[in-house]
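This is what each chain is made of:
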Amino acid sequence: MVVTQENVAVNGSRRLSPQGIADVLRERIRAGELRAGDRLPTQAELADEFGVERGAVRQALRALQDDGLLTNVSKGSPPRIAEPPAPGHDEPQPTMVGLSPRLTAAFSAPHVRIDAACLTAESLIPALGEPLRLIHGGSLRPERIDVRILLPSRDIDLAFPVPVEGRGDDDPVHERWLAMRNAQGHVLRHNLQTLRSHGIDVHITFRALPFTPPVKLYLLNGSEALMAYYMVTRREEPTDTGTLDMYDVLGTESLLFSFEKAAGQRDAAFVEESQKWFDALWETITTDLTLS
């Protein structure tokens, strides 16, 4: 009889690492022994099967969740095998469409970590609506949420939006952007802080960029990076004092490209380098941002 790694672990002559446990379960999913919607055995049952402590099982389950293979990994009931991604999941979609389901998936983790670098929070606020609804309804229950947002400083000359005729002593386009940045930041902070009423440890912090970001970047739980280019266009906007003729971006319509660590070496490198880039900005040339 061929003695597999799994058999050896159960016999007690060798213990599997959390990665080894994850590999065994991943193969069962790939082979169809575990199908979408099936519940896994309990952590205690898996620990007995593989001859390990429950902590090793928990690490393996979280690794599978990060790969998108499990849902509802928590201290409660056993997790389920995740549904396969819908056809076209990898196709870029407008930010307003593509961001919400990715955030909802990210919020199924016990510790949610969202990093974002963007011009305003215009796309984040509606995209967070669904995960927040599920948390308030009891369907999702993360233990901790950490959100870090990089937004341009109020004191810089933005590359966009800018008046077509150029800046003067009075810049209503800049004032319009600043009012939006601050108002949306307040709404985002308030919406996330309401989750504290469910006993969730919530932290949201803003820092100011000394430049205009040419792209918007979202980093989800260290396992996925979403990026969209800011496409500059000329447009007019009526106001109480006249029409603003400006070069601006339509951020919610920008196509969102997804890179996942589990998708292969190239995607994994993009996610890791994007996280390093964000962390370096956060820790060096950015400054405290107060939403006035």
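Going by the structure above, here's the rest.
Student: Would you mind going over helix α7 (residues 129-136) in detail, with residue names and values included?
Tutor: Taken residue by residue, α7 has P131, L132, L134 and I135 as its buried positions. Across the axial projection of α7, the buried residues extend over an arc of 160 degrees, all falling on one side.

Student: Please provide a residue-by-residue account of a nonpolar patch on the surface, values included.
Tutor: Judged by side-chain polarity, Y229, M231, L255 and F257 come together as a nonpolar surface patch covering roughly 400 Å² of accessible area. Owing to a relative accessible area of 32%, F257 belongs among the partly exposed residues under this scheme.

Student: So what's going on with the packing of helix α2 (residues 18-31) against helix α4 (residues 54-66)? Residues and values would help.
Tutor: Running from amino to carboxyl end, α2 crosses α4 at an angle of 55 degrees, the nearest separation of the two axes being 8 Å. As the angle between them shows, α2 and α4 are arranged oblique. Handedness of the α2/α4 crossing: right-handed. Contacts from P18, I21, A22, L25 and R26 in α2 reach A56, Q59, A60, L61 and L64 in α4.

Student: So what about the packing of helix α3 (residues 43-50) against α4? Which residues, and what values?
Tutor: Here α3 crosses α4 at 105 degrees, and the two axes come no closer than 9 Å. Regarding the angle of α3 to α4, the classification is roughly perpendicular. Residues Q43, A44, L46 and A47 of α3 form the contact with α4, whose participating residues are R54, V57, R58 and L61. Grouping the amino acids of the contact of α3 with α4 by side-chain chemistry returns five nonpolar, one polar and two charged.

Student: Go over the pattern of salt bridges, please, and point to the residues and values.
Tutor: The final tally for this structure, using the stated rule, is 17 salt bridges. One salt bridge in this structure joins R148 and D115, with 2.9 Å as the shortest N-O distance. On the criterion of sequence distance, the pair formed by R148 in strand β5 (residues 144-152) and D115 in strand β4 (residues 111-117) is long-range, its members being 33 residues apart. D288 is the salt-bridge partner of R207, the closest N and O atoms lying 2.7 Å from each other. Placement of R207 in strand β7 (residues 201-209) and of D288 in strand β13 (residues 287-288) is noted, with a sequence separation of 81 residues between them. One salt-bridge network, in which partners are shared between bridges, spans R176, R235, E237 and D248.

Cut-offs and rules
- Residues numbered from 1 in each chain as written.
- Predicted model: local features only at pLDDT ≥ 70, side-chain atom pairs only at ≥ 80, totals over all residues.
- Heavy atoms only, no water.
- Buried < 20%, exposed > 50% of the residue type's maximum accessible area, 1.4 Å probe, protein only.
- Helix = DSSP H or I, 4+ residues; strand = E, 2+ residues; numbered from the N terminus.
- Arc of directions from axis to C-beta.
- Patch = residues over 30% accessible without salt bridge, like charges linked within 9 Å, V, L, I, M, F, W, Y side chains within 5 Å.
- Areas by Shrake-Rupley, 256 points an atom, 1.4 Å probe, with all protein chains shown as cover.
- Salt bridge = Lys/Arg side-chain N within 4 Å of Asp/Glu carboxyl O.
- Axes fitted to C-alpha atoms, helices over the stretch in contact; angles between N-to-C directions.
- Parallel < 35°, antiparallel > 145°, perpendicular 65-115°, else oblique.
- Left-handed = near helix turned anticlockwise from the far one by under 90°.
- Contact = heavy atoms within 4.5 Å.
- Nonpolar A, V, L, I, M, F, W, Y, C, P; charged D, E, K, R; others polar.

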